[in-house]
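The chain contents come next:
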Amino acid sequence: MRSTESVRKTFDQELEALKQTLLRMVDLAERALEDSMMALKEQNLLLAKVVIDSDAEINRLDEEINGWVIQLIAQQQPVATDLRKIITALKISTDVERVGDLAANIAKCTLHIGDEPLIKPIVDIPKMASIVQEMLRKSFDAYDLEDPRLALEIAETDDRVDRLYGERIRELMQIMTLTPRRVNQITQLAFICRNLERVGDHAVNMAESILYLTKGEQYHLN
Amino acid sequence: MVQVMERTRERAGLKQTAAPAVPDVRPLVYDTKLLNLWYGNHHALKNIDLPIRENEVTAIIGPSGCGKSTYIKTLNRMVELVDDVRTSGEILYRSRNIFDRNYPVEELRTRVGMVFQKPNPFPKSIYDNVAYGPRIHGIRNRQILDEIVEKSLRGAAIWDEVKDRLNTNAYSLSGGQQQRICIARALAIEPDVILMDEPTSALDPISTLKVEELVQELREDYSIVIVTHNMQQAARISDRTAFFLSGEVVEFDETDKMFSNPEHKRTEDYISGRFG
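Since we're looking at a predicted model, the values are computed, not measured.

Section: the overall build of chain B
Consideration 1: A tally of helices and strands in chain B yields 11 helices and 11 strands.
Consideration 2: Counting only C-alpha atoms, chain B reaches 70 × 40 × 35 Å along its principal axes.
Consideration 3: Looking at chain B as a whole, 51% of its 276 residues qualify as buried.
Consideration 4: Taken as a whole, chain B presents about 13200 Å² of accessible surface, with 48% of it coming from carbon and sulfur.
Consideration 5: Computing the positive centroid from 36 side-chain charges and the negative centroid from 40, chain B places the two 2 Å apart.

Overview of the nonpolar core
Consideration 1: In this structure, A:Ile125, A:Ile192 and A:Leu196 are the most contacted members of the largest nonpolar core, which totals 70 residues.
Consideration 2: The contact partners of A:Leu196, leaving out residues within four places of it in the chain, are A:Leu33, A:Met37, A:Ile106, A:Ile125, A:Met128, A:Ala129 and A:Val132.
Consideration 3: Membership of the second largest hydrophobic core comes to 48 residues, among which are B:Ala156, B:Met196, B:Val215 and B:Phe275.

Observations regarding the pairing of strand β8 (residues 193-197) of chain B
Residues and elements named next belong to chain B.
Consideration 1: Counting buried positions over the 5 residues of β8 gives 5, a clear majority of the element.
Consideration 2: Alternating positions in β8 separate into two faces, Val193, Leu195 and Asp197 on one and Ile194 and Met196 on the other, with burial throughout.
Consideration 3: Relative to β8, strand β7 (residues 112-115) runs parallel, the two being bridged by 4 bridges. Bridge pairing in β8 links Val115 to Met196.
Consideration 4: Sheet topology note: the β8/strand β9 (residues 223-227) ladder contains 5 bridges and is parallel. Pairing of Met196 across the sheet is with Ile226, part of β9.

Points about the sheet that holds β8(B)
Residues and elements named next belong to chain B.
Consideration 1: An order of β7-β8-β9-β4-β10-β11 is seen for the 6 strands of this open sheet, with the pairing classed as mixed. Strands at the two margins of the open sheet, each flanked by one partner only, are β7 and β11 (248-254). Strand-to-strand twist of the sheet, defined as the mean angle between neighbouring strand axes without regard to direction, takes the value 15°.
Consideration 2: Seen against the sheet, helix α7 (residues 175-187) touches β7 and β8 and runs at an angle of roughly 170° to β7.
Consideration 3: Against the sheet, helix α8 (residues 205-218) contacts β4 (57-61), β8 and β9, and its axis sits at roughly 160° relative to β8.

Topic: the UniProt feature "domain: PhoU" (unreviewed entry) in chain A
Residue and element names in this part refer to chain A.
Consideration 1: This chain's UniProt record puts "domain: PhoU" (unreviewed entry) on residues 22-109 and 125-210.
Consideration 2: End C-alpha to end C-alpha, residues 22-109 measures 27 Å, and it is 94% helix and 0% strand.
Consideration 3: Structurally, residues 125-210 comprises 93% helix and 0% strand, and the distance from its first C-alpha atom to its last is 28 Å.

Examining the sheet that holds strand β3 (residues 42-53) of chain B
Residues and elements named next belong to chain B.
Consideration 1: The strand order β3-β2-β5-β6 describes an open sheet built from 4 strands, whose pairing is antiparallel. Unpaired on one side and paired on the other, β3 and β6 (96-97) mark the two borders of the sheet.
Consideration 2: Two strands pair when backbone bridges link them, and strand β2 (residues 28-39) and β3 are joined in this way by 8 bridges, in the antiparallel orientation. If you follow Leu35 over to β3, its bridge partner there is Ile48.

Some words on the packing of α7(B) against α8(B)
When two helices pack together, their arrangement is given by the angle between the helix axes and the distance between those axes.
Residues and elements named next belong to chain B.
Consideration 1: Two numbers describe how α7 lies on α8: the axes approach to 9 Å, and their chain directions differ by 20°. Taken together, α7 and α8 sit at an angle that is classed as roughly parallel. Crossing handedness for the pair α7 and α8: right-handed. Residues Gly176, Arg180, Ile183 and Leu187 of α7 pack against Ser207, Lys210, Val211, Leu214 and Leu218 of α8.
Consideration 2: When grouped by side-chain class, the residues that make up the contact of α7 with α8 number 5 nonpolar, 2 polar and 2 charged.

Concerning the confidence of the model for chain B
Residues and elements named next belong to chain B.
Consideration 1: Of all residues in chain B, 91% have pLDDT values of 70 or greater, and the mean over the chain is 90.
Consideration 2: Of all the helices and strands in chain B, helix α1 (residues 2-11) carries the lowest mean pLDDT, 44, while β4 carries the highest, 98.
Consideration 3: In the model, residues 1-20 has pLDDT below 50 throughout and makes 23 contacts with residues more than four positions away in sequence or in other chains.
Consideration 4: Interface confidence in the predicted complex, given as ipTM, is 0.71; pTM for the same model is 0.80.

Some thoughts on the packing of aromatic side chains
Residues and elements named next belong to chain B.
Consideration 1: Applying the stated rule across the entire model yields 4 aromatic pairs over all chains.
Consideration 2: Ring geometry for Phe243 and Tyr270: centres 5.0 Å apart, planes at 15°, overall stacked. Of this pair, Phe243 sits in strand β10 (residues 240-245) while Tyr270 sits in helix α11 (residues 265-271), placing them 27 residues apart in sequence. Exposure class is identical for Phe243 and Tyr270. Each is buried.
Consideration 3: Directly above the aromatic system of Trp38 lies the positively charged group of Arg86, at a separation of 4.8 Å from the ring centroid.

Things to note about the side chain of B:Asn129
Residues and elements named next belong to chain B.
Consideration 1: Within the secondary structure, Asn129 is located in helix α4 (residues 126-136).
Consideration 2: Overall, Asn129 belongs to the buried group, its relative accessible area being 0%.
Consideration 3: Asn129 has contacts with Pro121, Phe122, Lys124, Ala170, Ile181 and Arg185, leaving out every residue within four places of it along the chain.

Thoughts on the environment of A:Ile169
Residues and elements named next belong to chain A.
Consideration 1: Mapped onto the elements, Ile169 comes out in helix α5 (residues 148-178).
Consideration 2: As a C-alpha pair, Ile169 and Cys193 span 24 residues in sequence and 7.6 Å in three-dimensional space.
Consideration 3: Apart from residues lying up to four places away in sequence, Ile169 is in contact with Ala190 and Cys193.

Focus on the pattern of salt bridges
When their charged atoms lie close together, side chains carrying opposite charge are able to pair.
Consideration 1: A complete count under the given rule lists 37 salt bridges over all chains for this structure.
Consideration 2: A salt bridge links A:Glu30 to A:Arg137; the shortest N-O distance between them is 2.6 Å. Taken together, the positions of A:Glu30 in helix α1 (residues 5-42) and A:Arg137 in helix α4 (residues 124-145) put the pair 107 residues apart, joining distant regions of the chain.
Consideration 3: Linking B:Asp239 and B:Arg219 is a salt bridge whose minimum nitrogen-to-oxygen distance equals 2.7 Å. Remark: B:Arg219 occurs in the loop between α8 and β9 and B:Asp239 occurs in the loop between α9 (231-237) and β10; sequence separation between them is 20 residues. Both residues of the pair, B:Asp239 and B:Arg219, count as buried.
Consideration 4: One salt-bridge network, held together by shared partners, links A:Lys120, A:Asp124, A:Lys127, A:Arg168 and A:Glu171.

Calculation rules
Residues numbered from 1 in each chain as written. Chains lettered and ligands numbered in written order. Predicted model: local features only at pLDDT ≥ 70, side-chain atom pairs only at ≥ 80, totals over all residues. Heavy atoms only, no water. Helix = DSSP H or I, 4+ residues; strand = E, 2+ residues; numbered from the N terminus. Buried < 20%, exposed > 50% of the residue type's maximum accessible area, 1.4 Å probe, protein only. Areas by Shrake-Rupley, 256 points an atom, 1.4 Å probe, with all protein chains shown as cover. Lys, Arg positive; Asp, Glu negative; His and termini not counted. Charge placed at Lys NZ, Arg CZ, Asp CG, Glu CD. Core = buried A, V, L, I, M, F, W, Y, C linked by side-chain atoms within 4.5 Å. Contact = heavy atoms within 4.5 Å. Pairing = 2+ DSSP bridges. Axes fitted to C-alpha atoms, helices over the stretch in contact; angles between N-to-C directions. UniProt positions renumbered as here; feature names shortened; annotations may be inferred. Parallel < 35°, antiparallel > 145°, perpendicular 65-115°, else oblique. Left-handed = near helix turned anticlockwise from the far one by under 90°. Nonpolar A, V, L, I, M, F, W, Y, C, P; charged D, E, K, R; others polar. pLDDT = per-residue confidence, 0-100. Phe/Tyr/Trp six-rings, centres within 6.5 Å; stacked < 30°, edge-to-face > 60°. Lys NZ or Arg CZ within 6 Å of the ring centre and 35° of its normal. Salt bridge = Lys/Arg side-chain N within 4 Å of Asp/Glu carboxyl O.

Shown next as structure tokens:
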């Protein structure tokens, strides 16, 4: 058996670089989400603008990964684990790109609220956000370590997010009927909850992709 | 670990969707059971178990010297032409062991056509190449021969290219055309199975594509076993793939599964070019 390690070397390096780029993208999206929450809590409009601007870099990385994946498929005709790695990178990067958009949406809601005093201290929304961030961090680790157990945990956590989302919306509706003059702010807060819930769904999609990567089977977790 | 995953999945009420499988119900053409083969002292095939099904393309892949060509040549007992060959185990063709002492080997070879790596037409006209098999089976009627030749050349997707020069020497054709003439020659005896031993390795990419397309069409009427060095070719055209290594079948599965999620690391390493 003649070893062809040298032939594969470039390909293996490319796969690793692709992975690192995607991990960087996940990291940026997670940070954008964290900043968007801080901007909301502190009503820091400057920070909200920074979050919106930073989405461009996430979008750029998504485009870079897409082009890279197309090139690798065309040049290397990947099979088996190589193929699954490449397909997974393509799918996860689409999800992360959306997470970046959702973080920017949250920042836009914060801008809409502006410096108008908040209807009540913001406690529950950041709580929901921290769960969602935890899901993103787990998907980062699950992808980095190729760990299917972590991926399954993400799916389980999403049920909590959905429950919190339902509770928040009901509460906001109640407040809205009591204080109809604050309808703009309440609607923006409801949008923020909706955006956070969507981030959770994308984290679950990423978990499905990671399960496909590690086990070679398709899963539907939600 | 797998069990833990299963349980976790059950707890979470997860649905797992499997890709649609190739139906396992097609009748067997060949069934190889515990086949061993020695060239002198060299143990070339070791305990091969391999079913081959009707109207499917079965690809055999593996590095040089892994036994894949030996195996395919065993299916029509051509391997016996080599000196000092011994076998054990059995190969059932249509439920009958081809190693039986009184098995009619000539009949086997009329039911099982073969196409080789290098196109090997006879130094005769295109017509005579294709009519050769039917003639040695006693067909003399010119009209019947004409029909067989046309049908076989059409079947091999080369009729339109040669119909106006059936009397020219087959050697005057390009390599890709010669190979399709050889396929037509195999079809002319109306075989049940076609064995192909690296049929495109001496062809240019366009001719390769034509032969690959042809294999897809032939599957409708024949069962095909193809040995190939070209893994992408196996992935493109076969229903099932067997991976041979050092005379053993490491893995045999549906081709889609083999090339997306092989069971064995050695298969993965081979198909993804880590050795070979």
